[in-house]
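Here is how the chains run, residue by residue.
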Amino acid sequence: MKPFIILFLSALMTLPTTAQTPAKERITLQHGSHGGKRTDAEMQRWREYGIGQFIHWGVYAIPGGQWNGKTSTGAAEWFRSSGLISKEEYDNLYKQFNPTDFDAKKWAKQAKQMGARYMIFTTKHHDGFCMWPSKYTDYTIAHTPYKKDIVKELVDAYTAEEIDVYLYFSIIDWNHPGYQSAPAGNDKDKARYEKFKAFTRNQLIELLTNYPATKGLWFDGSWDKAWIEESAWVDDLGEELRAMHPGLIIGSRFRADEKGNRHVDANGELIDDYDQRFERNLPADLKEVGGNDWDCAMTIPENQWGYHRDWSLSYVKTPYDLIEMAVKANSLDGNFVINFGPDGKGNIRKEETDIAKGIGDWTAVNGAAIYGTHHSLLEKQDWGYSTQKDSAIYLSVFNKPMNNLLRVKLPKSKNPNRIYVIEKARFLSTKEPAQINGNGKAGTYYRDKTGASYYDLIIPEKIQQTNQPFVIVIQLKEIDKKDQDAYQQAIT
Ligand code: JFZ
């Protein structure tokens, strides 16, 4: 080979690297992400929950969004800031907190029936009221007429139903004298904030000590500048909590990196174990998910977490809406958490009970499409969402075709000599097989230019009549293309 040709070829070979845009320089961070996705058993278990229940319960349930005949249109759990009640009045509400109807076992049974595999409970919301008898403040359940430890009752009841418990904890604490949202401007404020930090640490250690069955901490109210500036200290605290409670799961809403980035650090990597940014908000596609674990906490009305007496203020989601969101979340590798806001007496309102029942009736039959599944091999299709567990692919159908033939597009095989076909298909509700239209006859399927193949599955009368989203579980098989080619040629 002539030298200039060799030169030319070697130049060509180096081209891809030299032509590439230089890799973005990584910033060295002490308090950013501490590594990639967790692979331990506890995190694997988290990934498989599929559906969770959130419970927002505190003294805000007493006013329930209304005071002296006036209704707040804001979130009921923020009622202290609504302007409808004085701070003093609000801070004394706990003296009447006496939820005599509270029955932790009843709630846990209802959550179980709904299909929740984990539960997140507000141990302390922004108002600072503690639903457990914390020894670090008097503003707790121990000083109400009710007296009993609500967190303990819930942890025990849910754990008995095999529902894992996570503790919601607000960093914002309007009741603590040392809490500040802005960084301390002088020594006095600094000393106060140090006390608040020690208090926060003590309470977290106390929660994990008192309730060892806890699987994780769901943080909130961590957006204040004062807290963000404590990134190094908060990171150390997280490590301390993980060391005392092996397997502990913490989402991205706990700490910032030292540059002030929240959720994802300066290098674009997720901080801690799962992404908490999809609140009341589902990602559009897997690209938006970015390969991270995530949860979506969802309210039933528009934006009410705590008990609000008046649900006529916004649209109230139906079981159908929530089932669709739950399936969509799982098809995009996330968990879906549905919020409940019990009233001041400890009752879960009828609307929520009915919704839980509606969801539970569906998950009892179709839950296999959710639990332990992840996104599937199939691309997103107009009829709904697909999920996968091992080799089973679940087609959850929310848009039923007019002709009752469900067109399923199978992916192109990675092997250029092979093609995917449906080996088995079965309805989860009737357990009956789903027939392929024209089975065994020419025209059963067709292919597009990409090599993807399509099948029409027949939706039988019985399924059509249920007027419910339904699930078909399919198994794929790869076969030699030449077999299909011969077939295809015969029909063209
Ligand atoms: C917070 C709380 O203020 C609210 O009361 C409730 O407890 C909820 C679960 O969390 O509200 C938020 C927090 C973060 C976002 C939106 C509402 N967010 O990141 O979009």
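Rules of the game
- Residues numbered from 1 in each chain as written.
- Predicted model: local features only at pLDDT ≥ 70, side-chain atom pairs only at ≥ 80, totals over all residues.
- Heavy atoms only, no water.
- Helix = DSSP H or I, 4+ residues; strand = E, 2+ residues; numbered from the N terminus.
- Contact = heavy atoms within 4.5 Å.
- Areas by Shrake-Rupley, 256 points an atom, 1.4 Å probe, with all protein chains shown as cover.
- Pairing = 2+ DSSP bridges.
- Axes fitted to C-alpha atoms, helices over the stretch in contact; angles between N-to-C directions.
- Domains from an automatic or database assignment.
- Buried area = accessible area lost by both parts, 1.4 Å probe.
- Polar contact = N/O pair within 3.5 Å; in protein donor to acceptor, adjacent residues only side chain to side chain.

Undergrad: Outline the overall build of the chain, listing residues and values.
TA: Along its length, the chain carries 13 helices and 17 strands. A principal-axis box enclosing the C-alpha atoms of the chain has dimensions of 85 × 75 × 40 Å. Considering only residue pairs separated by 6 or more positions, the chain has 72% of its internal contacts joining residues 24 or more positions apart. As presented, the chain carries roughly 23,000 Å² of accessible surface, and 52% of it is formed by carbon and sulfur atoms.

Undergrad: Outline the sheet that holds strand 6 (residues 216–220), supporting the account with residue identities and numerical values.
TA: Hydrogen bonds along the backbone pair up the strands of a sheet, which may run parallel or antiparallel. As summarised here, the arrangement of the 7 strands in space is 7-6-5-4-1-9-8, forming an open sheet in which the pairing is parallel. Unpaired on one side and paired on the other, strand 7 (249–250) and strand 8 (294–298) mark the two borders of the sheet. Where strand 8 lies against strand 9 (residues 334–340), 5 bridges are found, and the strand directions are parallel. Residue pairing in the sheet places C296 in a bridge with F336 of strand 9. Where helix 5 (residues 150–160) meets the sheet, its contacts fall on strand 1 (51–55), strand 4 (118–124) and strand 5 (164–170), and the angle it forms with strand 4 comes to roughly 175 degrees.

Undergrad: Lay out the domain arrangement of the chain in plain terms, naming residues and giving numbers.
TA: By the assigned domains, the chain splits into domain 1 (31–369) and domain 2 (376–491). The interface of domain 1 with domain 2 comprises 12 residues on the first partner and 11 residues on the second. Carbon and sulfur atoms supply 66% of the area that domain 1 and domain 2 bury against each other, a total of about 1,200 Å² over both sides. Counting the surface domain 1 buries against domain 2, the share from its top three residues, Y320, W362 and A369, is 37%. In this assembly, domain 1 and domain 2 are joined by 4 residue pairs in polar contact (both at pLDDT 80 or more).

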